[in-house]
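Residue strings, one per chain:
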Amino acid sequence: MRVRKAVMPAAGFGTRFLPATKAIPKEVLPLVDRPIIQYAVEEAMASGIEQIIIVISTGRSAIEDHFDSNSALERWLEERGDIEMLRTVRRISEFGPIAYVHQKEQLGLGHAVLMAKELVGDEPFAVLLSDDVMLNPGGPPVTRQLMDQYQAHRGSMIALQQVPAADVTRYGIVRPVHTEGRLVEIGDLVEKPSVDEAPSDLGVLGRYVLTPKIFSMLESTPRGAGGEIQLTDAIKALMQEQPVFGYRFDGERHDAGTRLGWLKANVAVGLQSDDADEFRAHIRGLDLRD
Ligand code: UTP
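Each value, and the rule that gives it
- Along each chain, numbering runs from 1 in the same order as the chain's sequence is written.
- The predicted origin of the model limits local features to residues at a pLDDT of at least 70 and limits the giving and counting of side-chain atom pairs to 80 or more, whereas totals for whole chains, interfaces and linings rest on all residues.
- Computation of side-chain values: all heavy atoms of the structure, hydrogens and water removed.
- Here a residue counts as near a molecule or strand whenever at least one of its heavy atoms sits within 4 Å of it.
- Residues adjacent in sequence count toward polar contacts only when both atoms are side-chain atoms; beyond that, a polar contact is any pair of N or O atoms within 3.5 Å, and within protein one must be able to donate a hydrogen and the other to accept it.
- Under the scheme used here, helices are H or I runs from DSSP no shorter than 4 residues and strands are E runs no shorter than 2 residues, and both carry numbers assigned from the N terminus.
- Gly is placed with the polar residues, together with every amino acid not listed as nonpolar (Ala, Val, Leu, Ile, Met, Phe, Trp, Tyr, Cys and Pro) or charged (Asp, Glu, Lys and Arg).
- Categorising residues by exposure relies on relative accessible area from a 1.4 Å probe, with only protein chains included: less than 20% of the type maximum marks a residue as buried, more than 50% marks it as exposed, and the intermediate range marks it as partly exposed.
- In this description, one arc is meant: the one made by directions from the helix axis to the C-beta atoms.
- A contact between two residues is defined here by any heavy atoms of the two lying within 4.5 Å.
- Patches were defined on residues exceeding 30% relative accessible area and lacking a salt bridge, with like-charge contacts within 9 Å and nonpolar side-chain contacts (Val, Leu, Ile, Met, Phe, Trp, Tyr) within 5 Å.
- For the accessible areas, the method is Shrake-Rupley and the probe is 1.4 Å, while residue cover comes only from the protein chains on display.
- Salt bridges are identified by distance alone: a Lys or Arg side-chain nitrogen within 4 Å of an Asp or Glu carboxyl oxygen.
- Charged residues are defined narrowly, with Lys and Arg counted positive, Asp and Glu counted negative, and His plus the chain ends left uncounted.
- For this purpose, a charge sits on NZ of Lys, CZ of Arg, CG of Asp or CD of Glu.
- Working definition: rings of Phe, Tyr and Trp (its six-membered ring) pair if their centres are within 6.5 Å, and the pair is stacked with planes under 30 degrees apart, edge-to-face with planes over 60 apart, and tilted otherwise.
- In this description, a nonpolar core means a group of buried Ala, Val, Leu, Ile, Met, Phe, Trp, Tyr and Cys residues linked to one another through side-chain atoms lying within 4.5 Å.
- Every axis in this analysis is a line fitted to C-alpha atoms, fitted for helices over the stretch in contact. Angles between the N-to-C directions lie between 0 and 180 degrees.
- Oblique is the label for every angle not falling under 35 degrees (roughly parallel), over 145 degrees (roughly antiparallel), or within 65 to 115 degrees (roughly perpendicular).
- Each crossing is labelled by how the near helix is turned from the far one, with a counterclockwise turn of less than a right angle marking it left-handed and a clockwise turn marking it right-handed.

*Asks:* Any details on the site of the ligand? Residues and values, ideally.
*Replies:* Thr 15, Arg 16, Lys 26, Glu 27 and Gln 103 are the nearest of the 17 residues found near the ligand. The backbone of Pro 9 places a nitrogen or oxygen atom 2.9 Å from an oxygen atom of the ligand. Between the ligand and the protein, one listed contact pairs an oxygen atom with a backbone N or O atom of Leu 107 at 3.5 Å. Contributing elements (two or more residues each) for the shell around the ligand: strand E1 (5–10) and helix H5 (109–114). For the shell around the ligand, a count of residues per class yields seven nonpolar, six polar and four charged.

*Asks:* Any chance you could break down helix H9 (residues 231–239) for me, citing the residues and the numbers?
*Replies:* Looking only at H9, the buried set comprises Leu 231, Thr 232, Ala 234, Ile 235, Leu 238 and Met 239. Across the axial projection of H9, the buried residues extend over an arc of 160 degrees, all falling on one side. Elements in contact with the buried residues of H9: H5, strand E8 (156–162), strand E10 (183–191), strand E11 (202–210), helix H8 (213–219) and strand E12 (244–248).

*Asks:* Lay out a negative patch on the surface with the relevant residues and their values.
*Replies:* Together, Asp 82, Glu 84, Asp 274, Asp 275 and Glu 278 make up a negatively charged patch on the protein surface. Residue position: Glu 84 is located in helix H4 (residues 83–93).

*Asks:* Can you lay out the environment of Arg 34 for me, pointing to particular residues and giving the numbers?
*Replies:* Along the polypeptide, Arg 34 turns up in strand E3 (residues 34–35). Separated by 32 residues in sequence, Arg 34 and His 66 have C-alpha atoms that sit 9.9 Å apart. Once you skip the residues sitting within four places of it in the chain, Arg 34 turns out to touch Leu 29, Tyr 39 and Glu 42. There is a polar contact of 2.6 Å between the side chain of Arg 34 and the side chain of Glu 42.

*Asks:* Can you tell me about the packing of aromatic side chains, naming the residues and giving the values?
*Replies:* A complete count under the given rule lists three aromatic pairs for this structure. Both rings, one in Phe 17 and one in Trp 262, keep their centres 5.9 Å apart while their planes meet at 80 degrees; by these two values the pair is edge-to-face. Of this pair, Phe 17 sits in the loop between E1 and strand E2 (30–31) while Trp 262 is found in helix H10 (residues 259–270), placing the two residues 245 residues apart along the sequence. By relative accessible area, which is 8% here, Phe 17 ends up buried. Where Phe 67 meets Phe 95, the ring centres are 6.2 Å apart and the plane angle is 65 degrees; that geometry is what we call edge-to-face. Here the residue Phe 67 occupies a position in helix H2 (residues 62–67), and Phe 95 occupies one in the loop between H4 and strand E5 (98–103), the gap between them amounting to 28 residues. Taken individually, Phe 67 and Phe 95 each receive the classification buried, so the pair is uniform in this respect.

*Asks:* Explain the nonpolar core to me, and be specific about the residues and the numbers.
*Replies:* In this structure, Met 8, Ile 54 and Phe 67 are the most contacted members of the largest nonpolar core, which totals 37 residues. With residues up to four places along the chain from it excluded, the contact list for Ile 54 reads Met 8, Ala 10, Ile 37, Ile 63, Phe 67, Ile 98, Ala 99, Tyr 100 and Val 101. Of all hydrophobic cores here, the second largest spans 35 residues; its members include Ala 99, Ile 158, Ile 214 and Leu 231.

*Asks:* Tell me about the pattern of salt bridges, and name the residues and values.
*Replies:* Under the criterion given, the structure shown has 23 salt bridges. Across the salt bridge formed by Lys 236 and Asp 188, the nearest N and O atoms sit 3.8 Å from each other. Taken together, the positions of Lys 236 in helix H9 and Asp 188 in strand E10 put the pair 48 residues apart, joining distant regions of the chain. Taking the relative accessible area as the measure of exposure, Lys 236 reaches 31% and is therefore partly exposed. Note on Asp 188: relative accessible area 25%, which makes it partly exposed. Overlapping salt bridges, with partners in common, bring together Arg 2, Arg 4, Lys 5, Glu 50 and Glu 123 in one network.

*Asks:* Would you mind going over the side chain of Asn 136 in detail, with residue names and values included?
*Replies:* Within the secondary structure, Asn 136 sits in the loop between strand E7 (132–135) and helix H7 (142–153). Polar contacts involving the side chain of Asn 136 include one to the main-chain carbonyl oxygen of Asp 250, which spans 3.2 Å. Each residue touching Asn 136, except ones within four places of it in the same chain, is listed here: Gln 145, Asp 250 and Gly 251.

*Asks:* Describe the packing of helix H3 (residues 71–79) against H4, naming the residues involved and giving the relevant values.
*Replies:* Two numbers describe how H3 lies on H4: the axes approach to 9 Å, and their chain directions differ by 160 degrees. The angle between H3 and H4 falls in the class roughly antiparallel. Of the two elements, H3 crosses H4, and the hand of that crossing is left-handed. Where H3 approaches H4, its residues Leu 73, Glu 74, Leu 77 and Glu 78 are matched on the opposing element by Met 85, Leu 86, Val 89, Arg 90 and Ser 93. Partitioned by chemical class, the residues of the contact of H3 with H4 number five nonpolar, one polar and three charged.

*Asks:* Give a detailed account of the packing of H10 against helix H11 (residues 276–284), specifying residues and quantitative values.
*Replies:* The interhelical angle for the contact between H10 and H11, taken along N-to-C directions, is 125 degrees, at an axis separation of 9 Å. Between H10 and H11, the angle falls in the class oblique. From H10, Asn 266, Val 267 and Gly 270 reach across to H11, where they touch Ala 276, Phe 279 and Ile 283. Partitioning the contact of H10 with H11 into residue classes produces four nonpolar, two polar and no charged.

Have a look at this one:
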């Protein structure tokens, strides 16, 4: 079966980015001129996803508002003849269709994915963690790469990338049993291992294609580290029943859910934006000596 739906969990507290995230989700912080989550929505659409499901936190409506139409703003732009911006603004509310589900309590990423069970139904689906910004200008979007691999190998796919050895403690790290080109057959998955215990330097990053079997695994996953229902634990359980692969995707990833990662992502996106020439000249002109 084709992958048609994508789930985007966006209900986390974003504690690494406080106080910016006190009143708004980190997913609406801007990267240059768009909220972070819009990049993921555009990536999903460009990948051929037909239905997007965003998991939002109860009481926080900024994400829904962003993708909704704003007739007062549209009228204002129309009256002033700013047709280009009018098109840009209208295009945002024409993504779609986007459905929303609420996560009432922040019980972890696994729990957030489980909230989308009814809307996903009995079919494979993509998961995009939008604070992992994936850039692959000129090439296929990372979600598309995973969808193609799912189609070819009929097993859940996890986006992998080599991470610096000292950083393994921040990621889910896989134990590869067999590697063929970019495809990795996974033997095990260890969440945030110590440097000594890490089975490799291949980290799990925020894109997945999962079979619907993951939902029953999530339902029986007890609360793990930090009292949260971990997606990693459910994927480990899934591996006991079905093949799960990793795919070393082609593209650049930025963790926009942290201050430094967000700064780097802004530079990367800024250097690809319409303002790139002036921005590059500005950076060249900076005095970067200590
Ligand atoms: P993170 O691990 O980045 O957690 O979640 P977080 O709470 O958002 O941020 P920090 O660590 O406190 O800074 C990964 C993804 O899962 C979503 C987040 O919105 C993010 O996209 N998530 C996490 C939920 O939707 N619900 C949760 O309960 C936890």
